[in-house]
Every structure is written in C-alpha cells, then in structure tokens.
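# A closer look at the structure
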Amino acid sequence: MDKPNEEKVLSKEQLKLRAQEIKLEEKQRKIEEKAAIREEKERRRNSFPRKIRNFILGIIFVIILLLVGFYFAQKYLTDKEEELSDEKMEQTYKTSIASIENKEYKKAIELLKSIDKSYSKYSEVESKLKQADQLYLNSYLTEADNYLKDEKYEKALKVLDEIEDEYKEEEIVKEKIITIKVAKLQDEVKEKA
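Since this is a predicted model, take the numbers as computed values, not measurements.

### Comments concerning the pattern of salt bridges
Within the structure shown, the criterion is met by 8 salt bridges. Two residues, E40 and R43, come together in a salt bridge whose shortest N-O distance is 2.4 Å. In this pair, E40 and R43 are both assigned in helix α1 (residues 2–45), 3 residues apart and thus about one turn of the helix distant. On the basis of relative accessibility, which here comes to 27%, the residue E40 falls in the partly exposed class.

### So, the nonpolar core
In terms of nonpolar packing, the biggest core is built from 29 residues, with L112, I115, V125, Y136, I163 and I180 touching the most fellow members. Sorting the residues of this core by element identifies α2 (48–101), α3 (105–114), α4 (122–149), α5 (153–161) and α7 (171–192) as the ones contributing at least two each. At 10 residues, α4 tops the list of elements feeding residues into this core.

### Concerning α4
Taking 1.5 Å per residue as the helical rise, α4 with its 28 residues ought to reach 40 Å, and the 40 Å between its terminal C-alpha atoms agrees with that figure. All of the buried residues in α4 are Y122, V125, L129, A132, D133, Y136, L137, Y140, L141, A144 and L148. Of the surrounding secondary structure, the elements contacted by the buried residues of α4 are α2, α3, α5, α6 (165–168) and α7. Backbone geometry just downstream of α4 places E151 in the positive-phi region, at approximately 60°.

### A look at α7
Within an α-helix, residues lying three or four positions from one another point in the same direction, as the helix has 3.6 residues per turn. The end-to-end C-alpha separation of α7 is 31 Å, in line with the 32 Å expected for 22 residues at 1.5 Å each. Residues V173, K176, I180, A183 and D187 constitute the buried set of α7. Projected down its long axis, α7 carries its buried residues within an arc of 90°, all on one side. Among the exposed residues of α7, those oriented more than 90 degrees off its buried face are E171, I178, L185, V189 and K192.

### Quick look at unusual backbone geometry
One non-glycine residue, K103, lies in the positive phi region at around 60°. Residue class for K103 comes out exposed when judged on its relative accessible area of 62%. The phi dihedral of E151 falls on the positive side, at around 60°, and the residue is not glycine. Counting through the fold element by element, E151 comes out in the loop between α4 and α5.

Thresholds, definitions, all that
- Residues numbered from 1 in each chain as written.
- Predicted model: local features only at pLDDT ≥ 70, side-chain atom pairs only at ≥ 80, totals over all residues.
- Heavy atoms only, no water.
- Salt bridge = Lys/Arg side-chain N within 4 Å of Asp/Glu carboxyl O.
- Helix = DSSP H or I, 4+ residues; strand = E, 2+ residues; numbered from the N terminus.
- Buried < 20%, exposed > 50% of the residue type's maximum accessible area, 1.4 Å probe, protein only.
- Core = buried A, V, L, I, M, F, W, Y, C linked by side-chain atoms within 4.5 Å.
- Expected span 1.5 Å × (residues − 1).
- Contact = heavy atoms within 4.5 Å.
- Arc of directions from axis to C-beta.

Here you go:
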C-alpha cells in the first residue's frame, strides 16, 4: 500500500513538475513569438522600400520647411525694405522742407518729385510740392515785377525765360509775359510820340 501511494505522490509531483515545464515552455514560446514579431518589425522597418519611403518623406518635409522658411524670410525682408524706403523718403521730405526754407525751390521740387507714392505721408508731400511750385514761380514773377517797375523789360523777359519749361505754360507766367510786352510797347510808343 505504501507503494501505490508513493507512485501517486510521485505522479503528483511529476504532474506539478510537468505543469511547471508546460508553463515554462509556454513562456518560452511566447518570448520566442515576441522575438519573432520584433524581428519581423525590425526587418520591415529596415526594408529597402520603407527606407526609400522614409527618405522621400524626409525630403518632402525638408522642402516644406525650406519653403516656409523662405516665405517668412521674404516677408521679413519685404517689411524691412518698406521700412527703410519709408525712412529714406522721410529724410528726403525733411531735406526738401529745408530747401524750401533756404529758398532753393528748384531743388525742393526735385526732391519732392522723387518721393514715391507709397510713402505713408504722401498727401503732405503733394501739398508741399504745390507750395514749392508756387514759391518757385513767385520768386521769378517777383523778380520780373521788380525789373518791370524799373522799366527794364528785356531783363524781366529774360528772367521769365529762365523758368523751367514745364512752368512756362502756366497761365500766370503767360499773363506776366504779356503784361511786360504790353508795358514795353507802351513805353516805346511814349518815346516815339
């Protein structure tokens, strides 16, 4: 009776050992499966088509980054260029005002005409240009009037002849020339009479 009991005990122990072996085998099989899956994933990851795809995607990503970088760089440079242009025009405007104050009307007019319409204070430039034009004409007309009063008609006409061509067609200049010529003729008539 002891013997069958021992066999039963041994078989229980064997069963336990067998169960443990099965568990270990199962664990070993799962580990091997995981390793096989990892190897398959690694093989796919390192496969040639995947490398090509990743390379192409990398190039596309870099190109997109470059395009975005170029866009913002261009925008920044354009803003800076406009800012510098505005500063330059502001300086030109100030120089033209100083020229007007120094009675250098021709220089002031040239400076004001060189200012671009994109300048933020262009409406002020236009009004200063009109003012400078008027002062330029007035300086010649005043000088011509002084010669007219002194009855120096040729000098008066010569002064008006020195006016820039674009201002010679002004109505006031034409009227002044006619006035001088009429006064000259009247003076000649008085002398002959």
